[in-house]
Amino acid sequence: MEESKYALLKQNVQVIIDLITAKNAKEATNKLVDVSEQLDDLLDFSEDDDDLIEISKYQVLLNQLQQKIVALNGQS
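None of these values were measured; they are calculated from a predicted model.

## Points about the environment of T29
Reasoning step 1: If you trace the backbone, T29 turns up in helix α2 (residues 25-45).
Reasoning step 2: Exposure remark for T29: the relative accessible area of 30% places this residue in the partly exposed category.

What follows is the structure in structure tokens.
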């Protein structure tokens, strides 16, 4: 997989984190959905074990961020 795809994922995850920090749950949720779709696309076309491992790390991170967003919504 190209490193630029990982760099883009990393940037998008940082945007989600920034939105959570700004307590903007709606935009964070929207961005999380976009990034999840990107990961699904990467997963569909990936055959290399190293790529699958990297994608799974991002999936775990997105799940944790989703939990943070749910908790943020509970505080509103």
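## Here's the deal with the environment of Q11
Reasoning step 1: For Q11, the position within the fold is in helix α1 (residues 3-21).
Reasoning step 2: Along the chain, Q11 and D40 lie 29 residues apart, while their C-alpha atoms are 17 Å from each other.

## Here's the deal with helix α3 (residues 49-75)
Every α-helix carries 3.6 residues per turn, so stepping three or four residues along brings you back to the same face.
Reasoning step 1: Taking 1.5 Å as the rise per residue, α3 with 27 residues should run 39 Å; its terminal C-alpha atoms sit 40 Å apart, in good agreement.
Reasoning step 2: The complete set of buried residues in α3 reads D51, I55, Y58, L62, L65, I69 and L72.

What counts and how
- Residues numbered from 1 in each chain as written.
- Predicted model: local features only at pLDDT ≥ 70, side-chain atom pairs only at ≥ 80, totals over all residues.
- Heavy atoms only, no water.
- Helix = DSSP H or I, 4+ residues; strand = E, 2+ residues; numbered from the N terminus.
- Buried < 20%, exposed > 50% of the residue type's maximum accessible area, 1.4 Å probe, protein only.
- Expected span 1.5 Å × (residues − 1).

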